[in-house]
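Observations on the three-dimensional arrangement
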Amino acid sequence: MVTVVIIAAVIALVFSYMNGMNDAANAIATVVATKALTPKRAVWWAGFWIFISCFVFFIIPPSVAETMGKGIVDAGKIDHFVILAALTGAAFWTFVCTKFGLPISASHALIGGLIGPVWFGFGSEYLIASGIGNILLFIVLSPLIGMVLGFFMHCFFMKVLKNSNYKKSENAFRRLQLFSSAVFSFSFGLNDGQKTMGIVAILLSAALAQNPDNGLLQLLYNVDEGQFVPYWLMIVSYLLISMGTIIGGWKVIKTLGSGLTKVTPVTGFCSELSGSLTLITTAFLGIPVSTTHTVTGAIIGTGLTDGVKSVKWMTAKNIVWAWVLTIPATIVISGLFYKLIALFL
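These numbers come from a predicted model, not from an experiment.

Counting secondary structure elements, the protein contains 13 helices and zero strands. Each helix and strand of the protein, ordered N terminal to C terminal, gives the series α-α-α-α-α-α-α-α-α-α-α-α-α. Rg of the C-alpha trace for the protein: 20 Å, near the compact-globule value of 20 Å for 345 residues, within the 12% margin. Its C-alpha atoms give the protein principal-axis dimensions of roughly 70 × 35 × 30 Å. When each of the 345 residues of the protein is scored for burial, the buried share is 57%. For the protein, the share of sequence-separated contacts (at least 6 apart) that also reach a separation of at least 24 residues comes to 88%. As displayed, the protein offers around 14500 Å² of accessible surface, 71% of which is attributable to carbon and sulfur atoms. Averaged over its 20 positive side-chain charges, the protein has a centre that lies 24 Å from the centre of its 12 negative ones.

Below, the structure is given as structure tokens:
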């Protein structure tokens, strides 16, 4: 059993790396599109700020991690086989969508992956309706909030810059994008970085409860009273998601950087800052929202200031379909995989 637990934990951490690859686009697409940074410098810049965000949780509890570990399905039904099936479904869907350049929510893939085995294996009564309801609500709200904030923030700067020199303004906002990209990367880390470590923490906690005398599990889940996630797990999770960002999913970056609307230094700054405000707020509220949904909404919002026709709605439609399908697809894939595992238990 302990061997399977360790394998599941390793796969979870690999998923954190894949999350960084798909969601790299969220943090750097606009700075690359506007040439504020070269692609290589942009991914290192984003990766650095994503990693730095983990140190916040040495001071305050990682509430999104607790939601992932305890607020979606009955924690009593989470074991190493459930986690293994959850990660298989989530990783498969994330890999396929990254391959085709679709900016999905890797965190929603993980949520669907977690629901599937518990639902298929034990029944719907072991799903936590309130936690899932909040997540589903913010699937709708997060892009809308990003869109509204992006639209009005860009309107504000259009009014402020109305009589200024266009070229000078562009150059100034290209430099300001370094700040907005750093803030967005930091807020991305605050929210997304917690999700995998919450899954691993509940896995190790449940395994230790079943094997309290196992020395390896005692070492891995060595936490202070009231602490949910071990410090080593925070560091490793954030290191891997940062590395995934640095490697990058370049097809996804292209989709967000130029596939939705024309991105300028001003709109890039507005969309990153709008997305950051949404992500930071939800991270402290403990709601695991999608950075992809948020920044996509913000980019569309800034584009709408030039009229409805300035947005490439066909690309937006493809992205939305990937969003809609993510949780159902991963529920089915992970649920069926769990049923397959159950045949050999």
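Take the packing of aromatic side chains next. Within the structure shown, the criterion is met by 10 aromatic pairs. Consider the rings of Phe173 and Phe269, whose centres lie 5.4 Å apart with planes at 75 degrees: the pair is edge-to-face. Within this pair, whereas Phe173 is found in helix α7 (residues 166–210), its partner Phe269 is found in helix α11 (residues 265–285), the two being separated by 96 residues in sequence. Phe269 carries the same exposure label as Phe173, and that label is buried. Ring-pair connections join several aromatic residues into one group, and the members of that group are Phe156, Phe157, Phe173 and Phe269. Positioned above the aromatic ring of Tyr126 is the side chain of Lys77, whose terminal nitrogen or guanidinium carbon lies 4.7 Å from the ring centre.

With that settled, the discussion passes to the packing of helix α6 (residues 129–160) against α11. Axis separation between α6 and α11 bottoms out at 8 Å; the angle between their running directions is 140 degrees. One finds that α6 runs oblique with respect to α11. Relative to α11, α6 is oriented so that their crossing is right-handed. Along the contact surface, α6 presents Phe138, Ile145, Gly146, Leu149, Gly150, Met153, His154 and Phe157, while α11 presents Val266, Thr267, Phe269, Cys270, Leu273, Ser274, Leu277, Thr278 and Thr282.

Here the focus is α6. The terminal C-alpha atoms of α6 lie 46 Å apart, and with 32 residues this matches the ideal 46 Å at 1.5 Å per residue to within 8%. At Phe138, α6 shows its largest bend, some 35 degrees. Residues of α6 that are buried include every one of Gly131, Ile132, Ile135, Phe138, Ile139, Ser142, Pro143, Gly146, Gly150, Met153, His154 and Phe157, and no others.

Cut-offs used in this document
Along each chain, the written sequence defines residue order, and numbers are assigned to residues from 1. In view of the model being predicted, local features appear only for residues whose pLDDT reaches at least 70, and side-chain atom pairs are presented and counted only at 80 or more, with totals across whole chains, interfaces and linings using the full set of residues. Side-chain metrics in this entry use all non-hydrogen atoms of the structure; hydrogen atoms and water are not considered. Numbering of helices and strands starts at the N terminus; helices are DSSP runs of H or I of at least 4 residues and strands are runs of E of at least 2. We take the radius of gyration over the C-alpha atoms and set the globule estimate at 2.2 Å times the residue count to the 0.38 power. Burial classes follow relative accessibility: with a 1.4 Å probe on protein chains only, a residue under 20% of its type's maximum area counts as buried, one over 50% as exposed, and anything between as partly exposed. Any two residues having at least one pair of non-hydrogen atoms within 4.5 Å are treated as being in contact. Per-residue and other accessible areas follow the Shrake-Rupley method at a 1.4 Å probe size, with only the shown protein chains counted as cover for residues. Counted as positive: Lys and Arg. Counted as negative: Asp and Glu. His and the chain ends are not counted at all. Charged side chains are reduced to one point each, which is NZ for Lys, CZ for Arg, CG for Asp and CD for Glu. In this scheme Phe, Tyr and Trp rings, the latter by its six-membered ring, pair at centre separations within 6.5 Å, and the angle between planes marks the pair as stacked below 30 degrees, edge-to-face above 60, and tilted otherwise. Counting as a charge over the ring demands two things of the Lys NZ or Arg CZ atom: a distance within 6 Å of the ring centre and an angle within 35 degrees of the ring normal. Throughout, an axis means a line fitted to C-alpha atoms (over the contacting stretch in the case of helices), and angles, computed between N-to-C directions, take values from 0 to 180 degrees. An angle below 35 degrees is treated as roughly parallel, one above 145 as roughly antiparallel, one from 65 to 115 as roughly perpendicular, and anything else as oblique. A clockwise turn of the near helix away from the far one marks a right-handed crossing, whereas an anticlockwise turn of less than a right angle marks a left-handed crossing. Here, expected helix span is obtained from the residue count minus one, scaled by 1.5 Å. We define the bend at any residue as the angle between the axes fitted to the seven residues before and including it, ending there, and the seven starting there.

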